[in-house]
Amino acid sequence: MLVLKVAGAFGGFLFSLLVARKFGDDALGRAELFVLAITVGATLLRLGAEGAVVKLFSGWSSTGQHGRIARRFRSWSRPICAVALAVACLGVLAPMDLFLVHLDGWLGWAIGAWVLIGWSGEALRGTGRVGWYALLQPGWWMLLAGIFVVLLGLHPVPALSVTGGVLAVLGMVGAMSLFARQAGKETPELQEGARTDSQTLMQLAGPIWLGSMLHLVLSWADTALIAAWMETSDVAHYRAAFRLAALLTFTQFAVNALGAPTFGALHAKGDAEALRRAVHRIGWMNTAVALPGLLFLVALGTWLLGFWGPAFAQPHVYRALLILAAGQCFNALCGPVMNLLNMTGGERAGLSILAISAVAQLSAAAFLVPEMGLIGAAWSAALGMLFWNALGVFYIRRQHGFVMISLLNGWWKQS
């Protein structure tokens, strides 16, 4: 599982590199904006149902209610599939400008595919099938699209759309078959009303959807404002720097899927010491990668950016990389702050922290990007990371009694 997550984390990095080398920075900028539109569209349309189903299915799976999981997944998938099909048809039959994005055939198809990918992937994760979940993450999607670009000569947008469709079919068919197969082997479980389960799903989905939208602001506000104020090629240059800086947190990305259920289980048992040790181990892993990685980017950042092309190695792109890398390093040293909050009863605090951070980042980006370009965008992104991590560390210190920042707590000395 960890190998799959690490390999997937490199998928977006390799895709951007292949597109830039083969088609140029303008093509990469358009591809990155395409990914932005897909991400926002799919997150909006799922309404948080994908996050709610993780909590429900994990509870039912732990008590052996596999038939209940299979029935609910089938029934709840019908409206999800209808939404995905509707947005795909809308893009083909009635293209329009939607929130400043032109919804055409490729985009409608890709958004519909990612509605299904996110839904099926989270349902699989809820039943402990983290290997399937890892294969349905954006990194693998972009890696597969990169292979299509190289082997078939497809342009980035069609490649992303085709591979999105492949993963959507893989996820939905895989989830249906796996749930049905396990349900067929079980003894009859306690019957629960479909209406009650659906009401519970909707109650859980609302806060999760709000948190997802706030997270989108923190992840993409800088890129969106660069697109609004600057050229498509500038988007490409910034995203290349962003992806390089994000490599500092690839271990955290890889262990989050494994760490989240562990945090939840230990918190439910009331084992505070085991929870602290689990967080310590992740802090040690992050520190071991992030600090040497930061030094590596400082020393060789310009050379690494040059792999995308000469235009990517300009001094202002390198400075943006250093700012983003510093923010990502702080993010890594703080550990999985939001994950720990969400899995230990701090969901409301997590939403408040995300809201404050999103407002701070969006305000900074609106002011700095027109004045400072890529460097202003990088400062706004770093500010958002600083806010959510610092506030999260403060809350966890009050709630659980330990400091998450590894170097402040001496975790680097621990094995």
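For clarity, every value in this text was computed on a predicted model and none was experimentally measured.

Visitor: Please explain the overall build of the chain as it appears in this structure.
Guide: Each helix and strand in the chain was counted, giving 18 helices and 2 strands. Across the 415 residues in the chain, those meeting the buried criterion constitute 52%. Across the chain, every contact between residues at least 6 apart in sequence was considered, and the portion connecting residues at least 24 apart equals 79%.

Visitor: Whenever I open this one, the nonpolar core confuses me. Can you help?
Guide: Here is a general trend for soluble globular proteins: nonpolar side chains tend to be buried in one another's company. Judged by nonpolar contacts, the single largest core of 112 residues is most densely connected at Phe57, Phe179, Tyr238, Leu244 and Trp308. With residues near it in sequence (within four places) discarded, Phe57 still touches Ile69, Arg72, Phe73, Trp76, Ala123, Gly126, Thr127 and Phe179.

Visitor: I keep staring at the side chain of Gln328 and nothing clicks. Help me out?
Guide: Relative to the elements of secondary structure, Gln328 occurs in helix 14 (residues 315–334). Those residues in contact with Gln328 that lie beyond four places of it in its chain are Phe242, Ala245, Ala246, Leu248, Thr249 and Met385.

Visitor: Whenever I open this one, the environment of Phe330 confuses me. Can you help?
Guide: For Phe330, the location among the structural elements is in helix 14. Spatially, the C-alpha atom of Phe330 lies 8.0 Å from that of Asn389, the residues being 59 residues apart in sequence.

Visitor: What's the story with the side chain of Asp222 in this structure? I'm lost.
Guide: Structurally, Asp222 is set in helix 10 (residues 194–229). Of the buried charged residues, Asp222 lacks a salt bridge, with Arg239 as the closest side chain of opposite charge at 5.1 Å.

Visitor: What is the right way to look at the packing of helix 11 (residues 232–246) against helix 17 (residues 374–400) in this model?
Guide: Two elements in contact, helix 11 and helix 17, have axes whose closest approach is 11 Å; the angle formed by their N-to-C orientations is 45°. Between helix 11 and helix 17, the interaxial angle falls into the category oblique. In this structure, helix 11 crosses over helix 17, and the sense of that crossing is right-handed. For the pair formed by helix 11 and helix 17, the contact residues are Asp234, His237 and Tyr238 on the first element and Leu374, Ala377, Ala378 and Ala381 on the second.

Visitor: I tried to follow helix 5 (residues 66–93) on my own but got confused; where do I start?
Guide: For an α-helix, 3.6 residues make a turn, and residues three or four places apart therefore share a direction. A rise of 1.5 Å per residue sets the reference length of helix 5, with its 28 residues, at 40 Å; its end C-alpha atoms lie 40 Å apart and thus fit the reference within 8%. At Ser77, helix 5 shows its largest bend, some 30°, and a proline, Pro79, comes one to four positions later.

Visitor: What is the right way to look at helix 2 (residues 11–23) in this model?
Guide: In a regular helix each residue adds 1.5 Å, so 13 residues correspond to 18 Å; helix 2 covers 18 Å between its end C-alpha atoms and thus fits that length. Of the residues trailing helix 2, Gly24 is marked for its positive phi of about 100°.

Visitor: I keep staring at the pattern of salt bridges and nothing clicks. Help me out?
Guide: Side-chain pairs of opposite charge can arise where the charged atoms are in close proximity. The full count for this structure, using the stated rule, is 4 salt bridges. Of the charged contacts in the structure, one is a salt bridge between Arg243 and Glu32, with a shortest N-O distance of 3.0 Å. Taken together, the residues span a long stretch of sequence, with Arg243 in helix 11 and Glu32 in helix 3 (residues 25–46) at a distance of 211 residues. This pair shows no difference in class: Arg243 is buried, exactly as Glu32 is. Residues Glu50 and Arg46 are paired through a salt bridge, measuring 3.6 Å at the closest nitrogen-oxygen approach. The two residues Glu50 and Arg46 agree in class, both being buried. If you follow the salt bridges from partner to partner, you end up with Glu32, Arg239 and Arg243 in one network.

Visitor: I would appreciate a short explanation of the packing of aromatic side chains in the present structure.
Guide: Between two aromatic rings, the relevant description is the distance of the centres plus the angle of the planes. For the structure shown, the criterion picks out 11 aromatic pairs. Here Phe57 and Trp76 contribute two aromatic rings whose centre-to-centre distance is 6.3 Å and whose plane-to-plane angle is 15°, an arrangement assigned as stacked. Taken together, the positions of Phe57 in helix 4 (residues 49–62) and Trp76 in helix 5 put the pair 19 residues apart, joining distant regions of the chain. The buried category is assigned to Phe57, whose relative accessible area is 0%. Their ring planes at 35° and their centres at 6.4 Å tell us that Trp308 and Phe312 sit as a pair that is tilted. Each member of the aromatic cluster is reached from another via a ring pair, and the members are Phe57, Trp60, Phe73, Trp76, Trp119 and Phe179. Sitting over the face of the ring of Tyr133, Arg125 holds its NZ or CZ atom 4.8 Å from the ring centroid. Over the aromatic face of Phe242 sits the side chain of Arg239, whose NZ or CZ is 4.6 Å from the ring centroid.

Visitor: I would appreciate a short explanation of unusual backbone geometry in the present structure.
Guide: Note on backbone geometry: most residues besides glycine have negative phi, and most peptide bonds are trans. Within the chain, Leu47 stands out as a residue other than glycine whose phi angle is a positive 60°. Looking at where Leu47 falls in the secondary structure, it is placed in the loop between helix 3 and helix 4. With a relative accessible area of 54%, Leu47 lands in the exposed category.

Visitor: Quick question: what am I supposed to make of the packing of helix 6 (residues 105–126) against helix 9 (residues 156–183) here?
Guide: Angle between the axes and distance between the axes: these two values describe a pair of packed helices. The geometry of helix 6 relative to helix 9 is characterised by a closest axis approach of 8 Å and an angle of 30° between their N-to-C directions. As the angle between them shows, helix 6 and helix 9 are arranged roughly parallel. The two elements helix 6 and helix 9 cross, and the hand of that crossing is left-handed. Partitioned by chemical class, the residues of the contact of helix 6 with helix 9 number 18 nonpolar, 5 polar and no charged.

Visitor: So what exactly am I meant to see when it comes to a nonpolar patch on the surface here?
Guide: Together, Leu18, Ile147, Val150, Leu151 and Leu152 make up a nonpolar patch on the protein surface, roughly 480 Å² of accessible area in all. Considering each element in turn, the nonpolar patch owes the most residues, 4 residues, to helix 8 (residues 138–152). Summarising the element assignment, Leu152 is placed in helix 8. Residue classification places Leu152 among the exposed residues on the basis of a relative accessible area of 59%.

Visitor: How do you make sense of empty space enclosed by the protein when you look at a structure like this?
Guide: Scanning the entire structure with this criterion turns up 1 cavity of 30 Å³ or more. Estimates place the volume of the largest cavity at around 30 Å³. It is helix 9 that contributes the most residues to the lining of the largest cavity, 3 residues altogether. Across the lining of the largest cavity, the residue classes tally to 3 nonpolar, 3 polar and 1 charged.

Cut-off values and rules
Residues numbered from 1 in each chain as written. Predicted model: local features only at pLDDT ≥ 70, side-chain atom pairs only at ≥ 80, totals over all residues. Heavy atoms only, no water. Helix = DSSP H or I, 4+ residues; strand = E, 2+ residues; numbered from the N terminus. Buried < 20%, exposed > 50% of the residue type's maximum accessible area, 1.4 Å probe, protein only. Contact = heavy atoms within 4.5 Å. Core = buried A, V, L, I, M, F, W, Y, C linked by side-chain atoms within 4.5 Å. Lys, Arg positive; Asp, Glu negative; His and termini not counted. Salt bridge = Lys/Arg side-chain N within 4 Å of Asp/Glu carboxyl O. Axes fitted to C-alpha atoms, helices over the stretch in contact; angles between N-to-C directions. Parallel < 35°, antiparallel > 145°, perpendicular 65-115°, else oblique. Left-handed = near helix turned anticlockwise from the far one by under 90°. Expected span 1.5 Å × (residues − 1). Bend = angle between axes of the 7 residues up to and from the residue. Phe/Tyr/Trp six-rings, centres within 6.5 Å; stacked < 30°, edge-to-face > 60°. Lys NZ or Arg CZ within 6 Å of the ring centre and 35° of its normal. Nonpolar A, V, L, I, M, F, W, Y, C, P; charged D, E, K, R; others polar. Patch = residues over 30% accessible without salt bridge, like charges linked within 9 Å, V, L, I, M, F, W, Y side chains within 5 Å. Areas by Shrake-Rupley, 256 points an atom, 1.4 Å probe, with all protein chains shown as cover. 1 Å grid on protein atoms, 1.4 Å probe; cavity = no way out; pocket = protein on both sides within 12 Å on 5 of 7 lines; lining within 4 Å. Points joined across faces, edges and corners; volume = space filled by probe spheres on them.

By themselves, these observations are geometric and do not establish any function.
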